[in-house]
Amino acid sequence: MSDNPLTPLINTFTSISRSLQTHLSRFLIAPDCATNDLTVSSLTINPLQPFSSVSLGADTPVGALPIKEKEVKPLTKEELGRATWTLLHSIAAQYPDQPTRQQRRDAKELMAILSRMYPCKECQDHFKEILKANPVQAGSREEFSQWLCHVHNVVNRSLGKLIFPCQRVNARWGKLDCKDRSCDLDSTSEIDIKF
Ligand SMILES: Cc1cc2nc3c(=O)[nH]c(=O)nc-3n(C[C@H](O)[C@H](O)[C@H](O)COP(=O)(O)OP(=O)(O)OC[C@H]3O[C@@H](n4cnc5c(N)ncnc54)[C@H](O)[C@@H]3O)c2cc1C
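What you are looking at is a predicted structure, and each value in this text was computed from that prediction instead of being measured.

Those residues carrying the UniProt feature "domain: ERV/ALR sulfhydryl oxidase" (unreviewed entry) are residues 73–173 in this numbering. Structurally, residues 73–173 comprises 69% helix and 0% strand, and the distance from its first C-alpha atom to its last is 29 Å.

The subject of this paragraph is the pattern of salt bridges. Taken as a whole, this structure holds seven salt bridges when the rule is applied. Of the charged contacts in the structure, one is a salt bridge between K77 and E122, with a shortest N-O distance of 3.3 Å. In this pair, K77 is assigned in helix 2 (residues 77–94) and E122 in helix 4 (residues 121–133), connecting sequence segments 45 residues apart. K121 is the salt-bridge partner of D125, the closest N and O atoms lying 2.9 Å from each other. Residue D125 and its partner K121 are located together in helix 4, separated by four residues, close to a single helical turn. Through salt bridges with shared partners, one network takes in K121, D125 and K128.

Quick look at helix 2 now. Along its 18 residues, helix 2 runs 26 Å from first to last C-alpha, staying within 8% of the 26 Å computed at 1.5 Å per residue. Buried within helix 2 we find L80, G81, T84, W85, L88, H89, A92, A93 and Q94. The inward-facing, buried residues of helix 2 abut helix 3 (101–117), helix 5 (141–158) and helix 6 (169–172).

Attention shifts here to the site of the ligand. Taken together, 23 residues surround the ligand, and among them R82, E122, H152, R172 and W173 come closest. Interatomic distance of 3.1 Å between a side-chain N/O atom of K161 and an oxygen atom of the ligand. W173 is positioned such that a nitrogen or oxygen atom in its side chain is 2.9 Å from a nitrogen atom of the ligand. In the complex, 87% of the free accessible area of the ligand, which totals 950 Å², lies under the protein chains. Looking at the shell around the ligand, the elements with two or more residues in it are helix 2, helix 4, helix 5 and helix 6.

The next thing to look at is the nonpolar core. Residues M111, F127, V136, F144, W147 and L148 are the most contacted members of the largest nonpolar core, which totals 21 residues. Elements with a minimum of two residues in this core: helix 2, helix 3, helix 4 and helix 5.

Our focus in this paragraph is helix 5. In this model, helix 5 (18 residues) spans 26 Å end to end at C-alpha, consistent with the 26 Å of a helix rising 1.5 Å per residue. On its buried face, helix 5 is in contact with helix 2, helix 3, helix 4 and helix 6.

Once that is clear, we can look at the state of the cysteines. All chains considered together, the criterion is met by three disulfides. Here C149 is linked by a disulfide to C166, with a sulfur-sulfur distance of 2.0 Å. The sign of the S-S torsion, about -95 degrees, decides the handedness of the disulfide formed by C149 and C166: left-handed. Here the residue C149 occupies a position in helix 5, and C166 occupies one in the loop between helix 5 and helix 6, the gap between them amounting to 17 residues. Here C178 is linked by a disulfide to C183, with a sulfur-sulfur distance of 1.8 Å. With the S-S dihedral at roughly -75 degrees, the linkage between C178 and C183 falls on the left-handed side. Numbered by position along the chain, the disulfide-linked cysteines of the protein connect as 1-2, 3-4, 5-6.

Let us look at the environment of G139. As for its placement among the helices and strands, G139 is situated in the loop between helix 4 and helix 5. Using a relative accessible area of 35% as the deciding quantity, one classes G139 as partly exposed. For the pair formed by G139 and Y95, sequence separation is 44 residues and the distance between their alpha carbons is 9.8 Å. Those residues in contact with G139 that lie beyond four places of it in its chain are D97, P99 and R104.

What counts, and at which threshold
Residues numbered from 1 in each chain as written. Predicted model: local features only at pLDDT ≥ 70, side-chain atom pairs only at ≥ 80, totals over all residues. Heavy atoms only, no water. UniProt positions renumbered as here; feature names shortened; annotations may be inferred. Helix = DSSP H or I, 4+ residues; strand = E, 2+ residues; numbered from the N terminus. Salt bridge = Lys/Arg side-chain N within 4 Å of Asp/Glu carboxyl O. Expected span 1.5 Å × (residues − 1). Buried < 20%, exposed > 50% of the residue type's maximum accessible area, 1.4 Å probe, protein only. Contact = heavy atoms within 4.5 Å. Near = heavy atom within 4 Å. Polar contact = N/O pair within 3.5 Å; in protein donor to acceptor, adjacent residues only side chain to side chain. Areas by Shrake-Rupley, 256 points an atom, 1.4 Å probe, with all protein chains shown as cover. Core = buried A, V, L, I, M, F, W, Y, C linked by side-chain atoms within 4.5 Å. Disulfide = S-S within 2.5 Å.

And the structure:
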């Protein structure tokens, strides 16, 4: 046993430091870094010093660099668009053949919300117009996928891009590759989640 009266205080700081190291390391990892690349063992956080003074060991991968020390490029409108279309076409590909009323409502609501919340004003305004002229059709997976392909082509056309042949939409955006079809949506339950 130590007679040092500061021992309990030092122990508390050591414990806080360990806890912060565990929790903050999750936020210091860049989202584009594969999980198996992570090495955070050399990340040392001193709770008595400002956040910017986190010290890094030689084996710390770039993904674990604190945001300040890493060059962070903002996402472009094109990258955001590609990511969003990927999500939307994947949703349509997984959409049930016989959706419930709730699932049909959700599909419409998702598009309406996108037209209000999409983080690009020009795209939002454009998409609102497109939705007005092309009301969401989500009576089945086929219908929803074709509708989405069509509205994506409306955007493509306005940007001078090539028109995608919608008969090939299922080949481009097939069902997700999930083990034992564990990603398939269940159309039998009519669960209404209230927020
Ligand atoms: C709702 C929404 C509105 C947008 N509005 C605008 C806007 O007003 N102005 C603007 O500059 N950008 C807008 N964008 C972004 C734009 O649509 C593109 O995402 C961006 O320009 C990048 O284009 P890209 O050529 O890489 O392919 P994307 O158009 O992003 O497509 C990604 C991939 O989807 C496939 N694909 C292409 N067309 C279809 C289709 N019809 N059906 C199925 N698959 C297809 C192709 O394989 C393509 O590589 C919008 C995006 C979204 C999601």
